[in-house]
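Reading the structure
Given next are the chains, with one letter for each unit.
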Amino acid sequence: MSRWVDTSAQSSLAQARDQVFSRLPGFENAGFTNAAHWYLLHLARTPDAPTNWLLVLEAPYLDNIEVWIEQADGTIGPYRLGDHVPMAERPVHSHQNVLALALPDIQPRKVWLRVTSSSMMNFSAHIYEPQTFTSHETQEGLFLGFLLGVILVVVLAFGALGLMLGEHVLLAYAAFVASQGLRHLLISGYSQTLFDPQMPWQSNAIQGLGSLAPVLAATIFFSYLLNLRVHFPRLFRMYLMLGWMTALTLCFITTPAYLVFAPLLLKMGALLSLLGLVLTAVLWWQQRRWDMLLYFFGFMTSVVVALLQWATFSGWLSIDWFSTRVYQTSTLVHIGVMSLALAVRLYQNQRDQTHVQQQNALVLERQTEQRRFIAMLSHEFRNPLASIDRAANLLQLKLTDLHKADGARLSGIRSSVRRLDSLVDSFLVSEAVEQHRLTPVLTQQRVAPMLANVIETQGAEAQGRLRLSVTPPDLQYALDARLIGIAVGNLLGNALRYSGDTGTVSLTAQQEGDDLLLTVVDQGPGLSEAELALLGVAYYRAGTSMGKQGTGLGYFFSRSIVEAHGGTLQAANQPERGLRVSLRLPGSTSQTHDL
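From a predicted model like this one, the values you see are computed outputs, not experimental measurements.

1. Concerning unusual backbone geometry
A cis amide bond, omega 10 degrees, links Glu-58 with the succeeding residue Ala-59. The topology assignment puts Ala-59 in the loop between β5 (52-58) and β6 (64-70). Of the consecutive residues Thr-471 and Pro-472, the connecting peptide bond is found in the cis state with omega at -10 degrees. Phi at Ala-9 takes a positive value of approximately 60 degrees, unusual for a residue other than glycine. Considering the arrangement of structural elements, one finds Ala-9 in the loop between β1 (2-6) and α1 (13-17).

Set out below in structure tokens:
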């Protein structure tokens, strides 16, 4: 077989016959080109050979193949083949480019071929006896049918699982396998038999889709499978760029721009397949997961496919029986290994989900027991606490001539009772928050008397250190007096505790626009920036709390109550000394929230 390249793609047969043809080894791969490639075959049969033969011109997806066969009488008969020729107009109705060839004598004959294609120029010619060709096609059809059957089952299975489970990886894999099936239909020529396009642009669209869809699908699949956005963010941008470039090129598959970008994208896709193998090995080394090891072997077969594509794109390998069979076998192995790996992934995910559900059930059971314990503890605490407080109060009223030290002890008893009672209230509020049952009951309240009652609950000794200021004095506001009382009481208790034995604490209330702003300022040491960031975390106590009573729940409870009103609670250090806590309630009662 000899070849001459017509770069203008305008030469006629008469002009081509005057050119010098260069001898080829048996096939040619010129990549993507706009040139017309002319080929010259010299045919001669031996005396004992049959007279009827079939000339098969590959690859099946070549656009236009014009054939001129020199007859015994010297005339030249023209024929048209290629995927731009509808099936009904072909000399032989086959997925291959097949031409019946009669050699009645042993005289040598010349065959001229002119080939043009918008896809890869990969050309080879073969001569078969009809029986041999039929046997060969039967074997190829059975193997390809088995491969396409496996692809169909995998696409339907993983596509359905992906939709049911909401797993993007499975959906991307189903799309990737489907694109491989389309590519095998294109390479084998069965896409022309299946779709039988009547117009050249339709055939070009099928070819472009079959070439670039696997690149796009593989890019998406690899990105999801290896979670590149998390593990390799920079490389993820490379895959993303390739995906967008491929998607944009698909919009121009019927234009000359396809010949410019398709070779680059196909080679980039092969490189990224090799990169995917390396990344999988890295992740397996880091995580030591069985599914990652299976991904690695799956990517190895993908790299074999990519190298075969690269070899054919570069002209090193012909698309013939051997390369096609290796490509089909590699695809089949790849699908088997990756399907097994994804099945292992599903099993592990299901096992992890079951474990999480069991842990959640255990946590829920513990929370239920905890709530029961808190409810029981609160009930059992309240009755004896009320009895102790009444008894201490009765002693204070009747024993007017008590020694000063004994009177202080009674006051201490009552103060401790109030602190325990407040703690019980706080636990009940916490339980309501966790159960989303804390709904403020808003009623119009006079702010000054309400805050005075809160101060009174702090005890007689604390009252002397508290300074209340309400502006204006007759300020009214819609709020839940009981819940806000608990919140403010917790803040006052914290402020008194950290202000020392003689430090004063100020509580101010004022109206800012439609909002109510309550401010508690102490004379304590304040908090560091790190401690301020952790303020409000349940059971957290700052370093300044060493040696002081407390549970680390007061600020947490107060913030829960304020947020239930739709408000905010913020803390900041004073310029010189002390901590300033601002409680802001919104002006519109419609902003309250159920927790």
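2. Details of the sheet that holds strand β17 (residues 579-585)
A sheet is described by the order of its strands in space; here five strands give the open sequence β12-β14-β15-β17-β16, paired in mixed fashion. Every other strand in the sheet has two partners, leaving β12 (466-471) and β16 (568-573) as the edge strands with one partner each. This sheet shows a mean twist of 15 degrees between the axes of neighbouring strands, independent of strand direction. Taken together, the six bridges between strand β15 (residues 515-521) and β17 define a ladder with antiparallel strand orientation. Bridge pairing in β17 places Leu-517 opposite Arg-584. The strands touched by helix α12 (residues 447-456) are β12, β14 (505-512) and β15; relative to β12, the strand with the most contacts, the crossing angle is about 170 degrees.

3. Quick look at the side chain of Ser-499
Structurally, Ser-499 can be placed in the loop between α14 (481-498) and β14. Looking at Ser-499, its side chain comes within polar contact range of the main-chain oxygen of Ala-495, at 2.7 Å. Side-chain polar atoms of Ser-499 contact the backbone nitrogen of Gln-523, separated by 3.1 Å.

4. Some words on the sheet that holds strand β2 (residues 22-23)
Judged by pairing direction, the sheet is antiparallel, and its six strands sit side by side in the order β2-β1-β4-β9-β6-β7 without closing on themselves. Every interior strand has two partners, whereas the edge strands, β2 and β7 (76-81), have only one. Both β1 and β2 contribute to a ladder of two bridges, which runs antiparallel. By the bridge assignment for β2, Ser-2 is matched with Arg-23.

5. Concerning the pattern of salt bridges
Think of it this way: side chains of opposite charge can pair up when their charged atoms draw near. Going through the model one piece at a time under the given rule, you end up with four salt bridges. In this structure, Arg-584 and Glu-512 form a salt bridge, with 2.9 Å as the shortest nitrogen-oxygen distance. One end of the pair, Arg-584, is in strand β17; the other, Glu-512, is in strand β14, and 72 residues separate them in sequence. The class for Arg-584 is partly exposed, based on a relative accessible area of 28%. Asp-515 is paired through a salt bridge with Arg-584; the nearest N and O atoms lie 3.6 Å apart. Of this pair, Asp-515 sits in strand β15 while Arg-584 sits in strand β17, placing them 69 residues apart in sequence. Salt bridges sharing common partners tie together Glu-512, Asp-515 and Arg-584.

6. Description of helix α7 (residues 233-250)
Compared with an ideal rise of 1.5 Å per residue, which puts 18 residues at 26 Å, α7 spans 26 Å between its outermost C-alpha atoms and is within 8% of the ideal. Within the sequence span of α7, burial applies to Phe-236, Tyr-239, Leu-242, Gly-243, Thr-246, Thr-249 and Leu-250. With its buried residues spanning 155 degrees around the axis, α7 presents them on a single face. Relative to its buried face, α7 has exposed residues pointing more than 90 degrees away, namely Arg-234, Arg-237, Trp-244 and Leu-248. Lining the buried residues of α7 we find α5 (200-225), α6 (228-231) and α8 (257-287).

7. Observations concerning the packing of aromatic side chains
With the rule as written, the count across this model stands at eleven aromatic pairs. A ring pair is formed by Tyr-39 and Phe-123, whose centres lie 4.3 Å apart and whose planes are at 20 degrees; its orientation type is stacked. Of this pair, Tyr-39 sits in strand β4 (residues 36-43) while Phe-123 sits in strand β10 (residues 120-128); the two residues are 84 residues apart in sequence, bridging distant segments of the chain. Its relative accessible area of 0% is what places Tyr-39 among the buried residues. Between Phe-221 and Phe-222, the aromatic rings sit 5.8 Å apart at their centres with planes inclined by 45 degrees, giving tilted as the arrangement. In this pair, the class of Phe-221 matches that of Phe-222, namely buried.

8. A look at the nonpolar core
Counting residues in each nonpolar core, the largest one holds 52 residues, and the members touching the most others are Tyr-173, Phe-221, Leu-225, Tyr-295 and Leu-342. Going through the elements one at a time, α2 (130-165), α3 (168-188), α5, α7, α8, α9 (290-313) and α10 (321-398) are the ones with two or more residues in this core. Per-element accounting of this core gives the leading share, nine residues, to α8. The contact partners of Leu-342, leaving out residues within four places of it in the chain, are Phe-158, Val-169, Leu-170, Tyr-173, Leu-225 and Tyr-295. Membership of the second largest hydrophobic core comes to 37 residues, among which are Ala-462, Leu-518, Tyr-555 and Val-562.

9. Quick look at the environment of Asp-291
Looking at the element boundaries, Asp-291 is found in helix α9. In the structure, Asp-291 is positioned 51 residues away from Leu-342 in sequence and 7.3 Å away in space, judged by C-alpha atoms. Not counting chain neighbours up to four residues away, the residues in contact with Asp-291 comprise Ala-341, Val-344, Arg-345 and Gln-348.

10. Observations regarding the environment of Gln-476
Along the polypeptide, Gln-476 turns up in strand β13 (residues 476-479). Given the relative accessible area of 41%, Gln-476 is considered partly exposed. When the C-alpha positions of Gln-476 and Gln-511 are compared, they lie 9.4 Å apart, and in sequence the two are 35 residues distant. Contact partners of Gln-476, with chain neighbours within four places excluded, come to Gln-444, Gln-445, Arg-446 and Val-447.

11. Details of the environment of Thr-7
By the secondary structure assignment, Thr-7 is in the loop between β1 and α1. A residue is classified by how much of its surface remains accessible, and Thr-7, at 69% relative accessible area, is exposed. With 27 residues separating them in the primary sequence, Thr-7 and Asn-34 have C-alpha atoms 7.5 Å apart.

Reading the values: the criteria
- Residues numbered from 1 in each chain as written.
- Predicted model: local features only at pLDDT ≥ 70, side-chain atom pairs only at ≥ 80, totals over all residues.
- Heavy atoms only, no water.
- Helix = DSSP H or I, 4+ residues; strand = E, 2+ residues; numbered from the N terminus.
- Pairing = 2+ DSSP bridges.
- Axes fitted to C-alpha atoms, helices over the stretch in contact; angles between N-to-C directions.
- Contact = heavy atoms within 4.5 Å.
- Polar contact = N/O pair within 3.5 Å; in protein donor to acceptor, adjacent residues only side chain to side chain.
- Salt bridge = Lys/Arg side-chain N within 4 Å of Asp/Glu carboxyl O.
- Buried < 20%, exposed > 50% of the residue type's maximum accessible area, 1.4 Å probe, protein only.
- Expected span 1.5 Å × (residues − 1).
- Arc of directions from axis to C-beta.
- Phe/Tyr/Trp six-rings, centres within 6.5 Å; stacked < 30°, edge-to-face > 60°.
- Core = buried A, V, L, I, M, F, W, Y, C linked by side-chain atoms within 4.5 Å.

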